[in-house]
Amino acid sequence: MPAPLIPLFPLQVVVFPRTRLPLHIFEARYKEMVGNAIRDHSEFGIVLAKKDGIVSAGCTVMVEKVLETYPDGRMDIMTRGLRRFEIVELSGEKDYLQAEVSFFDDDDPARCPPICANRRFPIAGP
């Protein structure tokens, strides 16, 4: 049985476990993704976006607080980093990226997977 998919939010920023990251959500696909995460009290992954795609590792976050909601559906949120992961396989089933991931604990360097810094997953679209 395949692992459940987690939503991915490619950004030009990284987040680590236990750190906070404020976000302004304005694209329709990410308003849907974050709205689902708020409703379901679920996490989504943040991965570093590069010109040639996304890196193969990231960190999940949970929405701690909705700071402001705008009439057009945009929102300002505060997130907190939870768990580090490595992407196993990408899925394009929804308007936003999803991935099957493998979680790891990087507090113990012996348990970290050998992540290649040059490994990228190409993504289509803007």
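Owing to the predicted nature of the structure, the values given are computational and were not obtained by experimental measurement.

A. Quick look at the pattern of salt bridges. For the structure on display, the rule yields six salt bridges. Its salt-bridge partner being R39, residue D40 comes within 2.9 Å of it at the nearest N-O pair. Across the pair R83 and E43 runs a salt bridge whose closest N-O atoms are separated by 2.5 Å. Taken as a pair, R83 in strand β5 (residues 75-91) and E43 in the loop between α1 (28-40) and β3 (44-50) lie far apart in primary sequence, 40 residues in all. Here R83 falls in the partly exposed class, since its relative accessible area comes to 37%. Taken together, the shared-partner salt bridges in this structure form one network comprising R20, E64 and R80.

B. Inspection of the pairing of strand β4 (residues 53-69) at higher detail. Direction of pairing for β3 relative to β4: antiparallel, over a ladder of six bridges. Each bridged residue has a counterpart across the sheet, and for F44 the counterpart in β4 is V61. Turn length for the β3-β4 hairpin, with the two strands adjacent in sequence and antiparallel, is two residues. In terms of strand pairing, β4 meets β5 through 10 bridges, oriented antiparallel. Its bridge partner being in β5, M62 is matched across the sheet by R80.

C. Structural view of the side chain of S91. Relative to the elements of secondary structure, S91 occurs in strand β5. Of the polar contacts made by the side chain of S91, one reaches the backbone nitrogen of E93; its length is 3.4 Å. Discounting residues that sit within four places of it in the chain, S91 has contacts with L5, L97, Q98 and A99.

D. A look at the packing of aromatic side chains. In total, this model carries three aromatic pairs according to the counting rule given. Measuring from ring centre to ring centre gives 4.3 Å for F9 and Y30, while their planes differ by 20°; the resulting arrangement is stacked. With F9 in strand β1 (residues 5-11) and Y30 in helix α1, this residue pair connects regions lying 21 residues apart in the sequence. Residue Y30 is classed as buried on the basis of its relative accessible area of 7%. For the pair F9 and F44, a centre-to-centre distance of 6.3 Å together with 45° between the ring planes defines the contact as tilted. Here F9, found in strand β1, pairs with F44, found in strand β3; they are 35 residues apart in sequence, far enough to count as distant. A relative accessible area of 7% means that F9 is categorised as buried. Residue F44 is classed as buried on the basis of its relative accessible area, which comes to 0%.

Here is what the cut-offs are and how they apply
Residues numbered from 1 in each chain as written. Predicted model: local features only at pLDDT ≥ 70, side-chain atom pairs only at ≥ 80, totals over all residues. Heavy atoms only, no water. Salt bridge = Lys/Arg side-chain N within 4 Å of Asp/Glu carboxyl O. Helix = DSSP H or I, 4+ residues; strand = E, 2+ residues; numbered from the N terminus. Buried < 20%, exposed > 50% of the residue type's maximum accessible area, 1.4 Å probe, protein only. Pairing = 2+ DSSP bridges. Polar contact = N/O pair within 3.5 Å; in protein donor to acceptor, adjacent residues only side chain to side chain. Contact = heavy atoms within 4.5 Å. Phe/Tyr/Trp six-rings, centres within 6.5 Å; stacked < 30°, edge-to-face > 60°.

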